Amino acid sequence: MARLRVGILISGRGSNMRALVEAARAPDFPAEIGLVVSNVPDAGGLVFARDAGIATATVDHRAFKGREPFEQALDAELRKAGVEFVCLAGFMRLLTPSFVDAWHDRMINIHPSLLPSFPGLDTHKRALAEGVRIAGCTVHFVRAKMDAGPIVGQAAVPVLPGDDEKMLAARILAAEHRLYPAALRLIAGGKTRVDGERVVVADAGAPVPLLLNPAV
Ligand code: GRF
């Protein structure tokens, strides 16, 4: 089966991009990473992508007057590289409905909370302030509303006594690095179908049945 050609959009260190690139090295992975694009010229992730032999592009939003021309340039880079599917990985620009619609059901994002809880920024801080016992991350199809859209998969981790934002973020990030490649594998392997605002998954592995925190 032909591998799905994926473009990854980043703005920073790109550790999720790296997890996807590394997963895609497996011969049986159903997607290939055709392009990594950053809107920030000195994003750390670009160095890793280049060293890994992946094509990269920079589309600096500051060089454009407004979101639409910026997104047109982004779209042009993706299409030029033959990208069929987009993964947002720490991409810190809001996308307009016209870009989101152009990639409808062909663009996913990873967010460091169990959506629909804690969309937006400062997720770890807010989760700690609310005293939640279980936190995690979500991979979802992108819709015009920020951090919302059909959920492909989620990973949960416990919030531990004494956690600060950094500790919780690190635990969730490790989960992100497992979840994102797993979600892309399902989609690229044809195991998912978007049905309205929900994703139907076929033949997924059995989940770990229960996470209790505190354990009783
Ligand atoms: C991750 O926590 C991701 O969930 C969020 O932004 C962060 C990006 O980290 N959307 P990285 O650039 O992938 O290391």
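Up top is the structure these notes are about.
Given the structure is predicted, the values throughout are model-derived calculations rather than measurements.

Calculation criteria
All residue numbers refer to position in the chain's written sequence, counted from 1. In keeping with the predicted nature of the model, local features appear solely for residues at pLDDT of at least 70, side-chain atom pairs appear and are counted solely at 80 or more, and the whole-chain, interface and lining totals rest on all residues. Only heavy atoms go into the side-chain values, all of them from the structure, while hydrogens and water stay out. Every helix listed is a DSSP run of H or I at least four residues long, and every strand listed is a run of E at least two residues long, numbered separately from the N terminus. Atoms counted for the radius of gyration: C-alpha only. Globule rule: 2.2 Å times the number of residues to the power 0.38. Think of it in three bands: residues with accessible area under 20% of the maximum for their type are buried, residues over 50% are exposed, and the middle band is partly exposed, with areas taken using a 1.4 Å probe on protein chains only. Throughout, a residue-residue contact means that at least one pair of heavy atoms, one from each residue, lies within 4.5 Å. Here, Shrake-Rupley sampling with a 1.4 Å probe gives the accessible areas, and only protein chains in the shown set may cover a residue. Charged-residue counts in this description rest on Lys and Arg as positive and Asp and Glu as negative, His and the chain ends being excluded. Throughout, a charge is located at the NZ atom of Lys, the CZ atom of Arg, the CG atom of Asp or the CD atom of Glu. Interaxial angles span 0 to 180 degrees and are taken between N-to-C directions of axes, which are lines fitted to C-alpha atoms, for helices over the stretch in contact. Geometric relationships in this document are graded by angle, where less than 35 degrees denotes roughly parallel, more than 145 denotes roughly antiparallel, 65 to 115 denotes roughly perpendicular, and other angles denote oblique. Rotating anticlockwise by less than a right angle from the far helix to the near helix defines a left-handed crossing, while the corresponding clockwise rotation defines a right-handed one. Just so you know the grouping, Ala, Val, Leu, Ile, Met, Phe, Trp, Tyr, Cys and Pro go in nonpolar, Asp, Glu, Lys and Arg go in charged, and all remaining residues, Gly too, go in polar. At least two DSSP bridges between two strands are needed for those strands to be called paired. Each helix should span, by expectation, one fewer than its residue count multiplied by 1.5 Å. Only buried residues count toward a nonpolar core. Its members are Ala, Val, Leu, Ile, Met, Phe, Trp, Tyr and Cys residues joined through side-chain atoms within 4.5 Å. The handedness of a crossover follows from its direction of travel: if, with the strands pointing away from the viewer, the path from the first strand over the helix to the second runs clockwise, the crossover is right-handed.

Colleague: Is there a simple way to think about the overall build of the protein in this case?
Modeller: Counting its regular elements, the protein contains six helices and nine strands. For the protein, the C-alpha radius of gyration of 17 Å lies close to 17 Å, the compact-globule estimate for 216 residues. Expressed as lengths along the three principal axes of its C-alpha atoms, the size of the protein is roughly 55 × 40 × 35 Å. Among the 216 residues that make up the protein, the fraction classed as buried is 46%. Across the protein, the fraction of contacts at a sequence separation of at least 24, relative to all contacts at a separation of at least 6, is 62%. Split by element, the accessible area of the protein, about 11100 Å² in all, is 55% carbon and sulfur. Here the protein carries 25 positive and 23 negative side-chain charges, and the mean point of each set is 2 Å from the other.

Colleague: I keep staring at the environment of alanine 81 and nothing clicks. Help me out?
Modeller: Within the secondary structure layout, alanine 81 lies in the loop between α3 (67-80) and β4 (85-88). Between the alpha carbons of alanine 81 and leucine 35 there is a distance of 6.7 Å; along the sequence they are 46 residues apart. Discounting residues that sit within four places of it in the chain, alanine 81 has contacts with Arg5 and Leu35.

Colleague: Looking at this model, I keep getting lost on the packing of helix α5 (residues 123-130) against helix α6 (residues 165-188). Mind explaining?
Modeller: Axes are the key here: two packed helices are described by the angle between their axes and the distance separating the axes. α6 packs onto α5 with a crossing angle of 110° between their chain directions and a minimal axis gap of 9 Å. Accordingly, the angle class assigned to the pair α5 and α6 is roughly perpendicular. Relative to α6, the crossing made by α5 is right-handed. On α6, the residues that touch His124, Lys125, Ala127 and Leu128 of α5 are Glu165, Leu168, Ala169 and Ile172. Counted by class, the contact of α5 with α6 contains five nonpolar, one polar and two charged residues.

Colleague: How should I be thinking about the sheet that holds strand β2 (residues 31-38) in this particular structure?
Modeller: Strand pairing in a sheet relies on backbone hydrogen bonds. The paired strands run either parallel or antiparallel. Spatially, seven strands are ordered β3-β2-β1-β4-β5-β6-β7 in an open sheet, and the strand pairing comes out mixed. With one partner strand each, in any of the chains shown, β3 (56-58) and β7 (151-158) form the two edges of the open sheet. For this sheet, the mean inter-axis angle between neighbouring strands, taken without regard to orientation, is 20°. With three bridges joining them, β4 and strand β5 (residues 107-111) adopt parallel strand pairing. Across the sheet, cysteine 87 pairs through a bridge with isoleucine 108, a residue of β5.

Colleague: Sorry, what's going on with α6 here?
Modeller: In an α-helix, one turn spans 3.6 residues, which is why side chains three or four residues apart end up on the same side. The end-to-end C-alpha separation of α6 is 33 Å, in line with the 34 Å expected for 24 residues at 1.5 Å each. Following α6 by one or two positions, glycine 190 has its phi on the positive side, about 75°.

Colleague: Sorry, what's going on with the nonpolar core here?
Modeller: Most often, soluble globular proteins have nonpolar side chains that are buried together. Grouped together as the largest cluster of nonpolar side chains are 43 residues, with contacts concentrated most on Val6, Ile8, Ile33, Val36, Phe85, Cys87 and Ile108. The leading source of residues in this core is α6, at nine residues. Those residues in contact with cysteine 87 that lie beyond four places of it in its chain are Val6, Gly7, Ile8, Leu9, Leu20, Ile108, Tyr180 and Leu184.

Colleague: Looking at this structure, I do not really get unusual backbone geometry. What am I missing?
Modeller: If a residue is not glycine, its phi is most likely negative; likewise, a peptide bond is most likely trans. The linkage connecting leucine 115 with the following residue, proline 116, adopts the cis geometry, with an omega of 10°. Mapped onto the fold, proline 116 is located in the loop between β5 and α5. Here the residue pair asparagine 213 and proline 214 is connected by a cis peptide bond, since its omega of 0° sits within 30 degrees of zero. Relative to the helices and strands, proline 214 resides in the segment after β9 (198-201). Of note in the backbone geometry, phenylalanine 118 takes a positive phi value of approximately 55° without being a glycine. Structurally, phenylalanine 118 is set in the loop between β5 and α5. Of note, aspartate 147 is a non-glycine position whose phi angle comes to about 55°, a positive value. Tracing the backbone shows aspartate 147 in the loop between β6 (134-141) and β7. The exposure class of aspartate 147 is buried, given its relative accessible area of 14%.

Colleague: Could you clarify how one ought to interpret the pairing of β4 in this entry?
Modeller: For a regular strand, side chains alternate in direction, first toward one face of the sheet and then toward the other. Here β4 shows no split at all, with Phe85 and Cys87 on one side and Val86 and Leu88 on the other all buried. For strand β1 (residues 4-10) and β4, the ladder comprises four bridges, and the chain directions are parallel. Residue pairing for β4: glycine 7 is matched across the bridge by valine 86. What joins β4 to β5 is helix α4 (residues 97-102), and the crossover it makes is right-handed.

Shape descriptors only; they carry no functional weight alone.
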